[in-house]
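So you can see what is in the structure, the chains are spelled out below.
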Amino acid sequence: MRIARAVVWVVVAADLLLILWVFLTSLRGSSDIFAHPFGLPTDPQPGNYGRALNEGGFGRAALNSVLVATVSSVAAVALAAPAAYVLARRRTRTSSALTMTFAMGLGVPGQVLVVPLFIGLAQVDLTDSLFGLILVYVGLAMPFTVYLLTGFFSGVPAVLEEAATLDGAGPLRTFLQVIVPVARGGLITAFLLQVIGAWNETLFALVLNHSENKITLPVSLADFVATEQLNGMDWGTMFAGVCLILAPMLALFSWLGTRIIQGMTVGIGK
Amino acid sequence: MATALQDRTAVRREGRPPAGSGAAPLERQHRRIFWPFAGPALLVYAVLFLAPIGYAAWTSLYKWDGMGAKQWRGLHNYQVLFGDPAFRTSLLNTLEILVVGGAITFAISLALTLVLREMRARLFARSVLFFPCLVNAMVFGIAAGFLFSPDGPVNTVLHWLGVAAPPKWLATDNLFPMIVATLVWTATGYYTAIIMAAVDQIPEYLYEAAELDGASAFQRFRHVTLPLAWDVISVCAVLWTVSSVKIFELILMYGGSSSNQPPVSTWNTAMYVYTEAFPQTSAPQLGMATAAALVSLVMVGVITLALRRLMRRTAVEY
């Protein structure tokens with residue numbers, strides 16, 4: 001048992017060191033990195049970040065990523081929450097069939113949708129557009145968000161709505177002023193998980209958008225690696241780019257880690 | 001209208017009081033808002049998710065480059081697909097990730113759960129181990145390309161330790177095992193966290209009783225933890241099936257290669273679909289790409305059903 005515990009701590013330490021190493025390396029010059037891969041940034045090069053943001057194109061891509069992730073997540077939760085609420089409340093055959101239909105989407109890998117969505121969006125001129133990408137992410141988010149929130153709304157006691165209804169509140173008002181505030185925790189979790197998913201999504205981003213001002217961070221990183229392979233690797237700038245994709249997740253996780261872990265684990269077990 | 005009728009009969013069959021009896025104004029309200037509330041999500045889901053699946057199935061029966069006319073091929077596409085060595089490699093790799101990668105991931109996750117249960121600062125350790133699953137897998141691919149390069153840090157360290165001939169980590173033959181190893185490392189923390197959440201629900205007195213009866217740590221795991229967390233483990237197995245088939249960016253960027261496509265020996269079905277549908281030099285083969293995608297969808301379906309059957313047990317009450 002003691003050895004096992006030691007092994008776990010070694011792995012934990014390795015994970016932490018790897019993250020630390022990526023951050024430190026992003027502040028160092030390229031030749032320096034290759035000569036002493038584990039050195040400290042004795043001569044810090046914050047210029048790596050400037051180069052990454054401007055010449056590397058990561059600045060624009062980061063803005064796009066923020067925009068796409070937030071807008072698609074807000075839209076996904078706004079659409080899924082009312083649906084999940086009625087699906088959780090009504091116990092009819094139609095309702096359970098619909099719940100099942102949404103849940104089945106959880107088993108569909110993205111590669112099934114990528115060709116048809118590309119063709120479909122091309123026909124309405126929405127490829128290489130941030131709006132198109134947002135639409136796709138909202139669609140992709142439906143199964144999980146509805147599934148997660150249905151479980152969540154089932155746990156909200158119906159007594160509250162009964163009271164509101166008896167007081168004469170209409171259904172929309174009951175939902176917005178009674179249910180939503182009570183279910184805020186679940187909605188925030190759903191939003192967070194969707195932001196994380198959209199931030200890291202690569203396949204659709206890569207396929208749908210390619211113009212320099214329309215791409216998101218993962219695509220920009222892939223493009224950067226591709227060009228660097230021709231011109232010789234600028235490792236410092238590349239690690240700065242890696243940090244741009246990594247840091248927001250790390251910040252989010254340090255801030256709301258428990259909520260994220262719970263959202264991704266507890267809901268699954270039910 | 002038809003659905004409204006259906007709803008009403010369903011309600012009656014379930015023996016609820018008929019609507020309008022005054023006992024259930026809430027019930028009535030829920031019925032009235034059902035479609036307005038569920039409709040928008042359903043519409044988005046139908047247009048952007050369900051319809052594309054149908055369109056993929058239909059496209060998979062044609063030869064099509066995306067621009068010219070579609071040419072009927074029928075099920076012949078699938079025959080050609082299974083005759084394509086690249087696809088067979090992709091399918092085998094997908095299965096290898098699923099089965100071998102899955103077995104390793106779950107063995108480690110269970111072992112970690114066992115160790116973490118009785119450890120100090122377990123929540124901190126869990127958080128650190130969990131974090132990699134929030135990071136875009138490309139990052140690991142790129143980092144591996146640097147860390148394992150011939151003159152890279154890993155070999156330098158091995159050299160200090162006296163290893164004269166370190167393995168050629170990023171040689172084509174070794175790439176796929178490296179990818180699976182990286183994947184296992186990133187996925188383990190996630191599944192450990194899920195299983196731990198289930199294990200935390202198991203009441204402490206069961207462990208105390210087992211301990212009093214002289215059960216060792218392993219016996220406690222085998223006879224208390226495993227049976228009581230079984231349901232969650234079976235859900236995890238399904239989850240792994242779905243998510244392992246989706247893996248894409250890790251393979252695309254492993255070793256930092258994206259200017260050229262990664263070598264065929266590392267492809268999985270997702271990679272195959274991508275290269276067939278969006279090739280860099282030749283004409284797109286959308287029929288083949290969608291056929292391959294559907295094969296992976298059917299695979300997920302069949303394996304999910306099989307897992308659910310195999311892992312079903314009568315629930316243990318506690």
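Each value, and the rule that gives it
Per-chain numbering applies: the sequence of each chain, read as written, is numbered from 1 onward. Following the order in which they are written, the chains are lettered starting with A and the ligands numbered starting with 1. Owing to the predicted nature of the model, reporting of local features is limited to residues with pLDDT of at least 70; listing and counting of side-chain atom pairs is limited to 80 or more, with chain, interface and lining totals taken over all residues. Values shown for side chains rest on all heavy atoms present in the structure; no hydrogens or waters enter the calculation. In DSSP terms, a helix is any run of H or I states spanning at least four residues, a strand is any run of E spanning at least two, and both are numbered starting from the N terminus. Exposure classes here rest on a 1.4 Å probe applied to the protein chains alone. A residue is buried below 20% of its type maximum, exposed above 50%, and partly exposed in between. Whether two residues are in contact is decided by their heavy atoms, any of which lying within 4.5 Å being enough. Each accessible area is a Shrake-Rupley result for a 1.4 Å probe, and residues are judged covered by the shown protein chains and nothing else. By definition, pLDDT measures how confident the predictor is in each residue, and it falls between 0 and 100. We define a salt bridge as a contact between a side-chain nitrogen of Lys or Arg and a carboxyl oxygen of Asp or Glu at a distance within 4 Å. Here the limits of each domain have been adopted from an automatic or database domain assignment. By convention, the term buried area covers the 1.4 Å-probe accessible surface removed from two parts as they join, with the contributions of both added. Think of a polar contact as two N or O atoms within 3.5 Å of one another; within protein, one of them needs to be a possible hydrogen donor and the other a possible acceptor, and neighboring residues in sequence only count if both atoms come from side chains. Charged residues are taken to be Asp, Glu, Lys and Arg, nonpolar residues to be Ala, Val, Leu, Ile, Met, Phe, Trp, Tyr, Cys and Pro, and polar residues to be all remaining types, Gly included. Patches draw on residues past 30% relative accessible area with no salt bridge. Two like charges within 9 Å are joined, as are two nonpolar side chains (Val, Leu, Ile, Met, Phe, Trp, Tyr) within 5 Å. Pairing of aromatic rings covers Phe, Tyr and the six-membered ring of Trp, with a centre-to-centre limit of 6.5 Å; geometry is then stacked below 30 degrees between planes, edge-to-face above 60, and tilted otherwise. Working rule: Lys NZ or Arg CZ, within 6 Å of ring centre, within 35 degrees of ring normal, means a charge sits over the ring. Grouping buried Ala, Val, Leu, Ile, Met, Phe, Trp, Tyr and Cys residues that are joined through side-chain atoms within 4.5 Å yields what is termed a nonpolar core.

1. Details of the overall build of chain A
Here's step 1: Along the backbone of chain A there are 13 helices and zero strands.
Here's step 2: The order of α-helices and β-strands along chain A, N terminus first, is α-α-α-α-α-α-α-α-α-α-α-α-α.
Here's step 3: Over its C-alpha atoms, taken along the principal directions, chain A stretches across nearly 75 × 60 × 30 Å.
Here's step 4: Counting all 270 residues of chain A, 54% fall into the buried class.
Here's step 5: Of the contacts made within chain A by residues no fewer than 6 positions apart, 74% connect residues no fewer than 24 positions apart.

2. Considering the overall build of chain B
Here's step 1: Scanning chain B from terminus to terminus reveals 14 helices and two strands.
Here's step 2: Counting only residues that meet the buried cut, chain B has 51% of its 318 residues in that class.
Here's step 3: The long-range share in chain B, meaning contacts at least 24 apart out of those at least 6 apart in sequence, stands at 68%.
Here's step 4: Accessible area of chain B: about 15100 Å², with a carbon and sulfur share of 63%.

3. Observations regarding the confidence of the model for chain B
Here's step 1: On average, residues of chain B score 85 in pLDDT, and 89% of them reach the 70 mark or higher.
Here's step 2: Under a pLDDT of 50 for its full length, residues 1–23 of chain B has, in the predicted model, 16 contacts with residues more than four places off or in other chains.

4. Examining the pattern of salt bridges
Residue and element names in this part refer to chain A.
Here's step 1: Taken as a whole and assessed by the stated rule, the structure comprises three salt bridges over all chains.
Here's step 2: Note that R89 is salt-bridged to E161, the shortest N-O span being 2.6 Å. With R89 in helix 4 (residues 58–89) and E161 in helix 8 (residues 159–166), this pair connects stretches of sequence that are 72 residues apart.

5. Overview of the domain arrangement of chain A
Residue and element names in this part refer to chain A.
Here's step 1: In terms of domain boundaries, chain A breaks down into domain 1 (1–45) and domain 2 (59–269).
Here's step 2: Each of domain 1 and domain 2 was reduced to a C-alpha centroid, and the two centroids are 32 Å apart.
Here's step 3: On the domain 2 side, the residues contacting the 10 residues of domain 1 number 11 residues.
Here's step 4: In total, domain 1 and domain 2 occlude about 810 Å² of area from one another, counting both sides; carbon and sulfur atoms represent 83% of this.
Here's step 5: On the surface where domain 1 and domain 2 come into contact, there are zero salt bridges.
Here's step 6: At the boundary of domain 1 and domain 2, one finds zero residue pairs in polar contact (both at pLDDT 80 or more).
Here's step 7: Contributing elements (two or more residues each) for the side of domain 1 that touches domain 2: helix 1 (2–25) and helix 2 (30–35).
Here's step 8: Looking at the side of domain 1 that touches domain 2 element by element, the count peaks at five residues for helix 1.
Here's step 9: Partitioned by chemical class, the residues of the side of domain 1 that touches domain 2 number six nonpolar, three polar and one charged.

6. Describing a nonpolar patch on the surface
Residues and elements named next belong to chain B.
Here's step 1: A surface patch of nonpolar side chains, amounting to about 310 Å² of accessible area, comprises V99, V100, I104 and I108.
Here's step 2: Positionally, V100 belongs in helix 4 (residues 85–117).
Here's step 3: With a relative accessible area of 40%, V100 lands in the partly exposed category.

7. Structural notes on the packing of aromatic side chains
The description of two aromatic rings rests on the distance between their centres and on the angle between their planes.
Here's step 1: Tallied over the full model, the rule gives 32 aromatic pairs over all chains.
Here's step 2: Taking 6.1 Å as the distance between ring centres and 50° as the angle between the ring planes, the aromatic pair formed by Y85 of chain A and F37 of chain B counts as tilted. With one member in each of two chains, Y85 of chain A in helix 4 and F37 of chain B in helix 2 (residues 25–59) form a pair that bridges those chains. The pair formed by Y85 of chain A and F37 of chain B is uniform in burial state, with each residue classed as buried.
Here's step 3: By way of ring pairs, the aromatic residues F253 of chain A together with F106, F130, F131, Y190, Y191 and W240 of chain B are connected into one cluster.
Here's step 4: The ring of W64 of chain B is capped by K70 of chain B, whose NZ or CZ atom sits 3.9 Å from the centre of that ring.

8. Brief notes about the domain arrangement of chain B
Residue and element names in this part refer to chain B.
Here's step 1: If you check the domain split of chain B, you get domain 1 (19–59) and domain 2 (76–311).
Here's step 2: A straight line from the C-alpha centre of domain 1 to that of domain 2 covers 35 Å.
Here's step 3: With four residues of domain 1 in contact, the opposing surface of domain 2 contributes six residues.
Here's step 4: Taking both sides of the interface into account, the surface hidden between domain 1 and domain 2 amounts to around 340 Å²; carbon and sulfur atoms contribute 75%.
Here's step 5: At the junction of domain 1 with domain 2, the criterion picks out zero salt bridges.
Here's step 6: There are zero residue pairs in polar contact (both at pLDDT 80 or more) connecting domain 1 and domain 2.

9. A look at the nonpolar core
Here's step 1: The biggest cluster of nonpolar side chains holds 178 residues, and the ones touching the most others in it are M142, F153, F204 and I260 of chain A together with F130 and Y274 of chain B.
Here's step 2: Ranked by residues supplied to this core, first place goes to helix 13 (residues 235–269) of chain A with 16 residues.
Here's step 3: The residues contacting M142 of chain A, other than those within four sequence positions of it, are A76, L79, A80 and F102 of chain A together with A41, V44 and Y45 of chain B.
Here's step 4: Judged by nonpolar contacts, the second largest core, of 10 residues, contains V115, M119, A125 and M196 of chain B.

10. Quick notes on the interface of chain A and chain B
Here's step 1: Between chain A and chain B, the residue contacts involve 92 residues of the former and 94 residues of the latter.
Here's step 2: For the chain A and chain B pair, buried surface summed over both sides reaches about 8200 Å², with 80% attributable to carbon and sulfur atoms.
Here's step 3: Joining chain A to chain B, the criterion identifies one salt bridge.
Here's step 4: When residues in the side of chain A that touches chain B are grouped by element, the largest group, 15 residues, is from helix 13 of chain A.
Here's step 5: Residues that form the side of chain A that touches chain B fall into these classes: 67 nonpolar, 17 polar and eight charged.

11. Focus: the side chain of R122 of chain B
Residue and element names in this part refer to chain B.
Here's step 1: The residue R122 is located in helix 5 (residues 122–130) in this model.
Here's step 2: Within the local environment of R122, its side chain forms a polar contact with the backbone oxygen of L116, the two atoms lying 3.3 Å apart.
Here's step 3: With near-sequence residues (within four places) excluded, R122 lies in contact with L116, R117, M196 and D200.

12. Comments concerning the side chain of S95 of chain A
Here's step 1: Position of S95 of chain A among the secondary structure elements: in helix 5 (residues 93–104).
Here's step 2: Of the residues examined, S95 of chain A reaches a relative accessible area of 1% and is grouped as buried.
Here's step 3: Ignoring sequence-local partners within four residues, the contact set of S95 of chain A consists of V86, L87 and R90 of chain A together with F34 of chain B.

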